[in-house]
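Single-letter residue listing:
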Amino acid sequence: MAMRPESSLGQQIADDSIGEEIYSLAAEIYPICRSITGNGVRETLRHLARHIGLSVHEVPTGTQVFDWTIPREWNIRDAYIKNERGEKIVDFARSNLHVMSYSLPVCAHMPLAELKGHIFTLPEQPDLIPYRTSYYSENWGFCMAHRQFLDLADATYEAVIDSSLKEGFLTYGEYLHRGEAGSEFLFSAHICHPSLANDNCSGLALLTHLAKRLSRLKTRYSYRFLFAPGTIGAICWLARNEDKIERIKHGLIVSMAGDSGGPTYKKSRRGTSLIDRAFAHVLRHSGLEPAILDFSPYGYDERQFCSPAFNLPVGLFQRSKFGSIPEYHTSADNLDFIRPEYLAQSYRLIVLALEVIEGDKVYINIMPKCEPQLGKRGLYDAIGGHKDVAAGNMALLWVLNLSDGSHSLLDIAERAELPFGVIRRATELLRQSGLLAPISEAC
Ligand code: ZN
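These numbers were taken from a predicted model, which means no experiment stands behind them.

Colleague: I'd like a description of the overall build of the chain, backed by residues and values.
Modeller: Within the chain, the secondary structure is distributed over 13 helices and 19 strands. Counting across all 443 residues of the chain, residues that qualify as buried make up 58%. Of the roughly 18400 Å² of accessible surface on the chain, a fraction of 48% belongs to carbon and sulfur atoms. Computing the positive centroid from 46 side-chain charges and the negative centroid from 52, the chain places the two 5 Å apart.

And the structure:
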């Protein structure tokens with residue numbers, strides 16, 4: 001857990017408090033009832049906007065976005081089930097997971113047999129409340145612990161859902177940090193889940209703090225942050241921004257960034273994009289036990305960004321892989337399930353991958369006829385503490401040998417099996433000694 005960023009970028013934007021800061025923002029937005037549309041998304045964006053200058057977009061119901069249509073806007077004020085004694089046995093105010101997202105309004109008395117058709121539970125996990133949605137078919141429903149469901153007396157119940165499903169808007173937020181180049185790095189996190197801490201309050205909070213810190217820096221790339229509802233939000237953004245697609249050179253979806261599992265990186269559809277190689281490299285040198293997965297057309301919004309017409313180099317970063325853990329889409333994905341130290345570690349891994357992407361350039365060895373004499377230039381043993389000296393010396397030799405105009409620093413790091421940061425420091429020393437010159441910036 002003591003992994004430290006090795007880069008100047010990392011040193012500038014990661015500090016000891018980062019995990020606590022991300023956790024505290026995740027905890028702040030956790031209670032809000034979000035869905036793919038509605039005031040919960042707006043309220044969440046207001047919390048994020050306290051840290052970064054977000055622009056908020058509202059897209060009207062009925063707008064066609066490729067093969068999809070922006071749905072009606074859903075809002076909810078209250079919901080409960082009362083028994084015959086007037087006691088609330090299920091209460092939205094206690095957990096917003098109790099109501100199936102996009103439930104139609106209802107206010108009715110009904111026998112248990114009828115109510116049962118609208119109750120969802122997890123028999124295999126009898127103490128947990130499931131997370132359910134019904135965006136595109138009209139229905140209403142309650143979610144509850146199976147153990148409580150089994151105890152329901154055969155009686156009449158009052159079911160109330162004070163919701164509305166009306167013409168309105170789909171809301172998403174965007175933040176752009178402008179770099180030296182017009183080329184962009186796209187970050188995206190879904191904002192449509194209610195009180196689920198890992199999936200995806202953690203991703204929203206992590207990216208907000210990353211954006212906040214990047215905003216103070218000069219960067220090579222521009223960084224676009226998208227906070228949009230899953231699937232329909234990404235489709236909507238792509239449909240409205242086809243003119244910007246060309247600029248996106250790298251991208252990353254971030255979800256489930258705060259649990260103890262993983263880390264997991266799922267490659268883009270291209271599989272060998274710089275983001276794929278950068279993450280594979282960083283994770284390989286992390287000292288952790290990462291899972292690196294090939295692309296598949298299932299998961300989060302990489303499905304949309306990697307659809308064949310766009311085929312963008314967008315990967316997915318998570319800790320545990322979605323769907324692979326018992327807490328997934330249940331009330332157990334709460335604020336105890338995410339921890340500041342794991343959020344901090346996720347943040348640092350992402351920053352290390354950014355360092356690779358920002359720093360991956362091609363240099364040329366100015367004295368390629370045999371080895372230049374490093375000793376007389378004070379370059380031998382010039383890198384790092386005693387433990388790193390051997391790696392530092394090897395890095396100098398690799399950089400000199402492979403800087404023939406056709407290898408980037410990441411190519412060299414991979415070939416040398418050394419961390420990118422070590423290769424980059426060697427490059428800097430050789431450049432200062434006049435042995436190396438940059439020849440390209442592949443923005
Ligand atoms: Zn989810």
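Colleague: Help me get a handle on the sheet that holds strand β12 (residues 222-228), residues and values and all.
Modeller: Strand order across the open sheet formed by eight strands is β1-β10-β12-β11-β13-β16-β14-β15, with mixed pairing between neighbours. The outermost strands of the open sheet, each flanked by one partner alone, are β1 (55-60) and β15 (291-293). On average, each strand axis in the sheet is tilted by 20° relative to the strand beside it, whichever way the strands run. One ladder, built from five bridges, connects strand β11 (residues 184-190) with strand β13 (residues 248-254); its direction is parallel. Along β13, the bridge assignment pairs F187 with L252. Sheet strands touched by helix α7 (residues 232-240): β1, β10 (169-177), β12 and β13. Its angle to β10, the strand with the most contacts, is close to 65°. Along the sheet face, helix α10 (residues 340-359) touches β11, β12, β13 and β16 (314-318) and points at about 160° away from the line of β11.

Colleague: Any details on the packing of helix α8 (residues 274-284) against α10? Residues and values, ideally.
Modeller: One can describe the packing of α8 onto α10 by two numbers: an axis separation of 9 Å at closest approach and a directional angle of 125°. Relative to α10, the element α8 is oriented oblique. Where α8 crosses over α10, the handedness of that crossing is right-handed. On the side of α8, the interface is formed by L274, I275, A278, F279, V282 and L283, while α10 contributes L349, I350, L352, A353, V356 and I357. Classifying every residue of the contact of α8 with α10 by side-chain character gives twelve nonpolar, no polar and no charged.

Colleague: How would you explain the coordination of the zinc ion if you had to name every residue and give the values?
Modeller: Here the zinc ion is held by the protein donor atoms H193 (NE2), D199 (OD) and H329 (NE2), which lie 2.0 to 2.1 Å from it. We note that the donor set of the zinc ion lies within a single chain, spaced as H-x5-D-x129-H. With H193 in the loop between β11 and α6 (197-214) and H329 in the loop between β16 and α10, the pair connects residues that are 136 residues apart, well separated along the chain. Judged by its relative accessible area of 10%, H193 falls in the buried class.

Colleague: Tell me about the packing of helix α2 (residues 18-29) against α10, and please be specific about residues and values.
Modeller: The contact between α2 and α10 brings their axes to 7 Å, and the two run at 110°. When the axis of α2 is compared with that of α10, the two are roughly perpendicular. Judged by residue contacts, I18, G19, E20, I22 and Y23 of α2 engage P340, L343, A344, Y347 and R348 from α10. Its residues assigned to classes, the contact of α2 with α10 shows seven nonpolar, one polar and two charged.

Colleague: Now, about the pattern of salt bridges: what can you tell me, with residues and values included?
Modeller: Evaluated as defined, the whole model comprises 18 salt bridges. Here D127 makes a salt bridge to R147, at a shortest N to O gap of 2.7 Å. Here R147 lies in helix α5 (residues 146-150) and D127 lies in the loop between β7 (119-120) and β8 (142-143), a separation of 20 residues in the sequence. Residue E174 is joined to R224 by a salt bridge in which the shortest nitrogen-to-oxygen separation is 2.8 Å. Residue E174 is found in strand β10, and its partner R224 is found in strand β12; the two are separated by 50 residues along the sequence. Here E174 falls in the buried class, since its relative accessible area comes to 6%. For R224, a relative accessible area of 5% corresponds to the buried category.

Colleague: Any chance you could break down the packing of aromatic side chains for me, citing the residues and the numbers?
Modeller: Taken as a whole, this structure holds 16 aromatic pairs when the rule is applied. Considering the side-chain rings of W140 and F142, the 6.2 Å spacing of their centres and the 85° angle between planes classify their relative orientation as edge-to-face. F142 matches W140 in its accessibility class, with the two residues each being buried. Through pairs of rings, three or more aromatic residues link up here, namely W68, W74, Y102, Y135 and Y136. Looking at K321, its charged tip hangs above the ring of F322, at a distance of 5.8 Å from the centre.

Colleague: Explain the domain arrangement of the chain residue by residue, including any values.
Modeller: According to the domain assignment, the chain consists of domain 1 (9-70 + 169-358), domain 2 (74-166) and domain 3 (361-440). Taking only C-alpha atoms into account, the centre of domain 1 sits 31 Å from that of domain 2. Across the boundary between the two partners, domain 1 contributes 22 residues, which contact 17 residues of domain 2. Each partner contributes to the roughly 1500 Å² buried at the junction of domain 1 and domain 2, and carbon and sulfur atoms together form 56% of this total. When the buried surface of domain 1 facing domain 2 is broken down by residue, C33, I36 and S331 rank first, second and third, together holding 30% of it. Put simply, domain 1 and domain 2 have zero salt bridges between them. At the surface where domain 1 touches domain 2, the tally comes to ten residue pairs in polar contact (both at pLDDT 80 or more). Residue composition of the side of domain 1 that touches domain 2, grouped by class: eleven nonpolar, ten polar and one charged.

Definitions and limits used
Residues numbered from 1 in each chain as written. Predicted model: local features only at pLDDT ≥ 70, side-chain atom pairs only at ≥ 80, totals over all residues. Heavy atoms only, no water. Helix = DSSP H or I, 4+ residues; strand = E, 2+ residues; numbered from the N terminus. Buried < 20%, exposed > 50% of the residue type's maximum accessible area, 1.4 Å probe, protein only. Areas by Shrake-Rupley, 256 points an atom, 1.4 Å probe, with all protein chains shown as cover. Lys, Arg positive; Asp, Glu negative; His and termini not counted. Charge placed at Lys NZ, Arg CZ, Asp CG, Glu CD. Pairing = 2+ DSSP bridges. Axes fitted to C-alpha atoms, helices over the stretch in contact; angles between N-to-C directions. Contact = heavy atoms within 4.5 Å. Parallel < 35°, antiparallel > 145°, perpendicular 65-115°, else oblique. Left-handed = near helix turned anticlockwise from the far one by under 90°. Nonpolar A, V, L, I, M, F, W, Y, C, P; charged D, E, K, R; others polar. Donors = N, O, S within 2.8 Å, 3.2 Å for Na, K, Ca; no water. Salt bridge = Lys/Arg side-chain N within 4 Å of Asp/Glu carboxyl O. Phe/Tyr/Trp six-rings, centres within 6.5 Å; stacked < 30°, edge-to-face > 60°. Lys NZ or Arg CZ within 6 Å of the ring centre and 35° of its normal. Domains from an automatic or database assignment. Buried area = accessible area lost by both parts, 1.4 Å probe. Polar contact = N/O pair within 3.5 Å; in protein donor to acceptor, adjacent residues only side chain to side chain.

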